[in-house]
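Residue strings, one per chain:
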Amino acid sequence: MFITFEGIEGCGKTTQVNRLKEYFESLGKEVLVTLEPGGSRLGKTLRKILLSMESQDLTREAELFLYLADRAQHVDQIIRPALEQGQVVISDRYADSTVVYQGYGRGLDPQILHSFNEIATRGIWPDLTILLDLPVEIGLKRAVTRNLQTKQTDEGRFEAESIDFHNRVREGYLTWAALNKNRFIIVDATGSVDEIFEQIKNKLSDSTF
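Take the sheet that holds strand 5 (residues 184–188) next. Within the open sheet, the five strands sit side by side as 2-3-1-4-5. Their pairing is parallel. The open sheet is flanked by strand 2 (31–35) and strand 5, the only strands paired with a single partner. Strand-to-strand twist of the sheet, defined as the mean angle between neighbouring strand axes without regard to direction, takes the value 20°. Pairing geometry for strand 1 (residues 2–7) and strand 4 (residues 128–133), over five bridges, is parallel. Its bridge partner being in strand 4, Glu 6 is matched across the sheet by Leu 131. Across the sheet, helix 3 (residues 60–84) is in contact with strand 1, strand 2 and strand 3 (88–92); its angle to strand 2 comes to roughly 160°. The strands touched by helix 4 (residues 95–105) within the sheet are strand 1, strand 4 and strand 5, with strand 1 carrying the most contacts at an inclination of about 25°.

Before going further, it helps to spend a moment on the nonpolar core. Among the nonpolar cores identified, the biggest contains 43 residues, and Phe 5, Leu 20, Ile 90, Ile 130, Leu 132 and Ile 200 are the most heavily contacted of them. For this core, the leading source of residues is helix 7 (residues 163–179), giving five residues. Judged by nonpolar contacts, the second largest core, of nine residues, contains Val 75, Ala 82, Val 89 and Tyr 94.

A word on the side chain of Ser 52. Topologically, Ser 52 is positioned in the loop between helix 2 (41–51) and helix 3. Classification of Ser 52 as buried rests on a relative accessible area of 13%. Polar contacts involving the side chain of Ser 52 include one to the main-chain amide nitrogen of Glu 54, which spans 3.0 Å.

This part takes up the pairing of strand 4. Where burial is concerned, most of strand 4 is hidden: six out of the six residues are buried. A two-sided burial pattern is seen for strand 4, the buried positions comprising Leu 128, Ile 130 and Leu 132 on one face and Thr 129, Leu 131 and Asp 133 on the other. Bridge analysis of strand 4 against strand 5 gives five bridges, and the strand direction is parallel. Across the sheet, residue Thr 129 finds its bridge partner in strand 5, namely Phe 184.

Each value, and the rule that gives it
- Residues numbered from 1 in each chain as written.
- Predicted model: local features only at pLDDT ≥ 70, side-chain atom pairs only at ≥ 80, totals over all residues.
- Heavy atoms only, no water.
- Pairing = 2+ DSSP bridges.
- Helix = DSSP H or I, 4+ residues; strand = E, 2+ residues; numbered from the N terminus.
- Axes fitted to C-alpha atoms, helices over the stretch in contact; angles between N-to-C directions.
- Contact = heavy atoms within 4.5 Å.
- Core = buried A, V, L, I, M, F, W, Y, C linked by side-chain atoms within 4.5 Å.
- Buried < 20%, exposed > 50% of the residue type's maximum accessible area, 1.4 Å probe, protein only.
- Polar contact = N/O pair within 3.5 Å; in protein donor to acceptor, adjacent residues only side chain to side chain.

Here you go:
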């Protein structure tokens, strides 16, 4: 089983990924949690480049191919082996992030990006994608607060993007989810951690994946 979490900055993905891991483990399942960018050895290096404020001069095309390189290595070294061993794999971001951020956000063609993802993922797509949706202003406030609390100084390039960019990303996620409703579920992420997780559990129980 392969589950991914998607959403704008500050939507609470990491927290809910860990809650879902604990939930599945309580049911006796073996769970692997991973993330993009940074899930593989190469990915850790690429993550530093992609999220650093020093990389604000990256072209949209360079950004795209760095993410695709991260994903290709991630799938080959981490995701595919875990799935073949029968583990539940939960990833904090995956291929949909590229379609939305580099497509709807940066203005590249989403369908072309989907084709590139087919190559990078070698056809491995999630059984279920959980989109945590909330207004941009709330998400950015949470993200900035998180970075300050954790003293995270080596990341923040996306938080520094314009409000217009983040609004395009949010609308892009909702559009892409509507086009792929067979595997997307949308969760209102404006509530408390517990309220959001209850929604996720309820939607999982209603899902036929």
